[in-house]
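Residues per chain, in single letters:
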Number of protein chains: 2
Amino acid sequence: MIQFKAPLRDINFLINDVFDYQTHYKNIPGGDEATPDMVDAIIGEAARFSEEVLSPLYQVGDEGCKFEDGQVTTPPGFKEAYQQYMEGGWQGMSAPVEYGGQGLPLSLGVIKSELIGTANWVWGMYPGLSLGAMNTIYLHGTEEQKQTFLVPLTEGRWTGTMCLTEPQCGTDLGQVKTKAEPNPDGSYNITGTKIFISSGEHDFTDNIVHIVLARLPDAPEGTKGISLFIVPKLNVNEDGSNGDANNVTCGSIEHKMGIHGSSTCVMNFDGSKGFLIGPENKGLHCMFTFMNTARLGTSIQGIGAAELSFQGALPYAKERRSMRSLSGKKSPDKVADALIVHPDVRRMLLTQKAIAEGGRAMLYYAATLADKMMASHAAGDMKGYEDWDDKLGFLTPIMKAGLTELGYEAANHGVQVYGGHGFIKEWGMEQIIRDTQIAKLYEGTTGVQALDLLGRKILLGRMKSFDDFRAVVNQFIKNHKNTKEMKPFIKQLKRAMIAWRLNTFRIAFKARKDRDMVGAASVDYLMYSCYIVMAFFWAKMADAAYTNLAEGKDVDFHKAKIQTAEFYYDRLLPRAKAHRKMMLKDPKSLMQMDEESFAFL
Amino acid sequence: MIQFKAPLRDINFLINDVFDYQTHYKNIPGGDEATPDMVDAIIGEAARFSEEVLSPLYQVGDEGCKFEDGQVTTPPGFKEAYQQYMEGGWQGMSAPVEYGGQGLPLSLGVIKSELIGTANWVWGMYPGLSLGAMNTIYLHGTEEQKQTFLVPLTEGRWTGTMCLTEPQCGTDLGQVKTKAEPNPDGSYNITGTKIFISSGEHDFTDNIVHIVLARLPDAPEGTKGISLFIVPKLNVNEDGSNGDANNVTCGSIEHKMGIHGSSTCVMNFDGSKGFLIGPENKGLHCMFTFMNTARLGTSIQGIGAAELSFQGALPYAKERRSMRSLSGKKSPDKVADALIVHPDVRRMLLTQKAIAEGGRAMLYYAATLADKMMASHAAGDMKGYEDWDDKLGFLTPIMKAGLTELGYEAANHGVQVYGGHGFIKEWGMEQIIRDTQIAKLYEGTTGVQALDLLGRKILLGRMKSFDDFRAVVNQFIKNHKNTKEMKPFIKQLKRAMIAWRLNTFRIAFKARKDRDMVGAASVDYLMYSCYIVMAFFWAKMADAAYTNLAEGKDVDFHKAKIQTAEFYYDRLLPRAKAHRKMMLKDPKSLMQMDEESFAFL
């Protein structure tokens, strides 16, 4: 049984010593509410809820949802935990006060989501999906739609979904076939089948608000003919109460590799009443407005997997005894030495630790960008909004794909530390692998994220957001050029930053002649970028740790932080070299083979 | 549903054009029987059995074994398939004629195992475990033991197991506690609990022959006090028929991440009658005699996972339509282009293909070494036997760990090609990941294999077997220094071979000062070695393909082979660089952290 413990010491280090959230909050709406005491209280309470309520349900959830007669029963305890969550007002924490929320900074909501998602990612998907629906309605809905749908979602009385995928298309949403036919009263009849709808049906709440992509009659083909609709499971009465059924039915739930406790539904809309949200045919645009924060959310799954798997592996590595250290017996009085004396076991544990903590640092930095983006939006400064969104948008594919790939790797190390026992369900270690597998697939696969980064964000964006991020890192490098203890980090980081820019130009240059260069380089480019970005955050953490050490604060903690940074630079950053070499290759060896020659069977 | 097709074209290319099995068979006992017609017939029949009988049971097997009242029921169809297998005489194919086998070369048995293991690895574990028991009895048993136990095992009427692991120890077998007390009749009473016993109980056969590690009274502590015993489930009557129960009971079966169709048993021995096999206290030595061929067997799981996942992903990549090629529409009349036009999808498919075919080439080469080892053994040439065993032993950790790690990666690519659908059980793609996970754990984890390679085979072995393998590669390089079309391969291979030797010396040198260097470098060293070894075999295949192309033979097949070699050198071999960089690092960043400082929770 894995018992999650909230990494509060690390969280405090990040928000106080590395990023200084209190100064940051001075310029953020709702930031004045986020006093140190308030932040402490919220994080402490989220930690308690995650440790005491959600963590014990993690392995229980693997038993899965049950489906009978169109009804989904979630695993034992899930519903009760949601009741507590709703009553605690957690869903609306970072939502606007005018629609029932508490208006606290988004970054604080990210920490809450991280704690929940690490303790029990699967349970966290239900409120997580609601958040997507809330954001969409907040940004694009009418005032009436907000009063009708956003308020109960914010209060957690209803939950929400995002209905994009259909049997014939996932990534390529231009192929969406679901139809929306206008009614005389201004509403629409929605008809079609959506698949892979997380939280599409469940027993948490009576009503569920579906955000559905569909086509109006005579809409243009492809992505330019898709509109967005709100389609509730139950029609809503004038007084806001739940009315009769709206012909939205769950046809079945999927049998999956993992996230068994999350209902993945086939949703049938059969002339269901829907309400257009945002302009006609601009559905994809509206859907993607908040994509960067959604993807930030998915990156948490990778960080959480690394943290949880590390927390599972560490005690085992200290307790289980096997063989002797090659450098001499460490526990001569015991039958054998503990696993943790073996260098390769340490390599796996430190890899998990470096990914979890490095990923968390990336997340907490990205969350400050999201805060600023929201602040601009709230102030009606659309230029500022777009600028911060771009800055965030540069990091999101790196984090979504990079951190879920690395989190998956970390989960694998967790199983390896256990040896054969890692393969046994009882320990819970293998479940983390199965649950994390999906993170590399949904919200855009790793390949799709990589194209988004290199094709859209970097090349189409003319390197603007790339340059913005580089400027941040280069400023850091400049600030520390004379800091003696930072030298080993700064030297390598500086070299990596120069190479990153140069290699990006190289790829851009090659891509002009051969458009397949972008796709050929993309995934290696993304991982290469991820290792460099994480190296920056490890340097930043080492710097903060050195500062605290100089003041004699919490020596063990800060020493370990610097040692983890050293491990990262020694044994993870060098992987970037292989990716660099591969991403610069000509696409020829990828593209030359005839489709018919891939196999001769 | 995945339907396996035997890669006969590739197998024929390897055994005829790359390794010339017919010439090789001239000097191998039983080789005269292995005429081209016979080889064709056997491979064809094994292919048919694998495709028609075993492949349809692959996904069925995921439903798992049932356990009730000490009895295990295997998945539907498993027992009937075994009946066919037994009647076909498959179990004894490469076993000695004098004990009921057909005496064909071991390498032919490897091809049979590969076909079975690719179609349905889980089913194949039952006869695979028997093979381990057979080898142990053949090498160390008395003539009476061979007549009593080996013959029915060879005929497949009984199956066998290897009972090593106990709750407190897996890798560290020195901790084994199971007791063996001598009886006046020369037999022993075996008492203890063994866990993770594959095929420990099932419904295929009435009797099961357990090979059990246990301690004699007053045996020395640790690994030097362990003896090996034959313990049948049912006592054997004088006439060889099954007698009464022998107090060997299955306490439960494990609930695992994958290989659900394989029974993983807790076995309780309660004064069960056992027979000493091999000398007292030499049990570990006897158990490990055949370890190299056993590990060769496990490496097949990695190759099979890559092949099966590739076969599952390829048709999907050709049929599923999503988005447009960045270099211009490829199917303008269709709603979108097929997945296979996208460079990154090709990268994943080609990675799977290169691993499957590269791994197969390594396997078929290693199988010739095993043949020669067996030939020396049969001729009573123990020096020759040990020499070939050493040559094979150098490759086995590289293949066992390297190919299972790469096979696991390939299985992951298969899921990625499917996108979200890969996560759904119905397609079977995710099952390959779950089933392959165990390959990195059992028969020695990747970490254990890496220590075996670097610590034992290379450093303790004074680089002898390393030099032997390098001589083979260097001869190939020398032979092709003037072959124009091979130049790109030879140039890179030569450079890699020089670096490999140099870096091995570097590590050896550092290890003298710091013993933790071995463990710190080991896994990176193993993967580094694996990429170089596979590069040799890809060069060898490219060479054979060029030769055939020059004669105008089967142009498409041989062109694709060369293109896959080019892909390997472009996009897989460069990974060795990152491993090289990491393996040469000082152990400091791994070893410096205090155990208490790994986490502050």
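See the structure printed just above.
Remember, it's a predicted structure, so these values are computed and weren't measured experimentally.

Peer 1: Any chance you could explain the overall build of chain A here in plain terms?
Peer 2: In terms of regular secondary structure, chain A is built from 19 helices and 11 strands. Its C-alpha radius of gyration of 24 Å places chain A within 12% of the 25 Å reference for a compact globule of 601 residues. Along the three orthogonal principal directions, the C-alpha set of chain A runs to about 80 × 65 × 60 Å. A burial count over chain A gives 64% of its 601 residues as buried. A separation threshold of at least 6 residues defines the contact pool for chain A, and within that pool the share at least 24 residues apart is 74%. Put simply, chain A shows about 21500 Å² of open surface, and 51% of that area lies on carbon and sulfur atoms.

Peer 1: Would you explain the packing of helix α1 (residues 8-18) of chain A against helix α16 (residues 516-550) of chain A in this entry?
Peer 2: The relative placement of two packed helices comes down to the angle between their axes together with the axis-to-axis distance. All names here are of chain A. Remark: α1 packs on α16, axes separated minimally by 10 Å, with the N-to-C direction vectors making an angle of 80°. The angle between the axes of α1 and α16 places the two elements in the roughly perpendicular class. Residues Phe13, Leu14, Asp17 and Val18 of α1 lie in contact with α16, whose contacting residues are Lys540, Met541, Ala544, Ala545 and Asn548. A per-class count over the contact of α1 with α16 returns 6 nonpolar, 1 polar and 2 charged.

Peer 1: What exactly am I supposed to notice about the packing of aromatic side chains here?
Peer 2: Here a ring pair, both rings aromatic, is described through the centre-centre distance and the interplanar angle of the planes. Residues and elements named next belong to chain A. Evaluation of the coordinates by the stated rule reveals 66 aromatic pairs over all chains. With a centroid separation of 6.3 Å and an interplanar angle of 75°, the aromatic rings of Phe469 and Trp500 are classed as edge-to-face. Here the residue Phe469 occupies a position in helix α14 (residues 464-479), and Trp500 occupies one in helix α15 (residues 487-513), the gap between them amounting to 31 residues. We classify Phe469 as buried; its relative accessible area is 5%.

Peer 1: Would you explain the packing of helix α9 (residues 291-319) of chain B against helix α10 (residues 343-378) of chain B in this entry?
Peer 2: Residue and element names in this part refer to chain B. At a minimum axis separation of 9 Å, α9 and α10 run at an interaxial angle of 150°. Classified by the angle their axes make, α9 and α10 are roughly antiparallel. Note on packing geometry: the crossing formed by α9 with α10 is left-handed. The class makeup of the residues in the contact of α9 with α10 is 17 nonpolar, 5 polar and 3 charged.

Conventions we followed
- Residues numbered from 1 in each chain as written.
- Chains lettered and ligands numbered in written order.
- Predicted model: local features only at pLDDT ≥ 70, side-chain atom pairs only at ≥ 80, totals over all residues.
- Heavy atoms only, no water.
- Helix = DSSP H or I, 4+ residues; strand = E, 2+ residues; numbered from the N terminus.
- Rg over C-alpha atoms; globule rule 2.2 N^0.38 Å.
- Buried < 20%, exposed > 50% of the residue type's maximum accessible area, 1.4 Å probe, protein only.
- Contact = heavy atoms within 4.5 Å.
- Areas by Shrake-Rupley, 256 points an atom, 1.4 Å probe, with all protein chains shown as cover.
- Axes fitted to C-alpha atoms, helices over the stretch in contact; angles between N-to-C directions.
- Parallel < 35°, antiparallel > 145°, perpendicular 65-115°, else oblique.
- Nonpolar A, V, L, I, M, F, W, Y, C, P; charged D, E, K, R; others polar.
- Phe/Tyr/Trp six-rings, centres within 6.5 Å; stacked < 30°, edge-to-face > 60°.
- Left-handed = near helix turned anticlockwise from the far one by under 90°.

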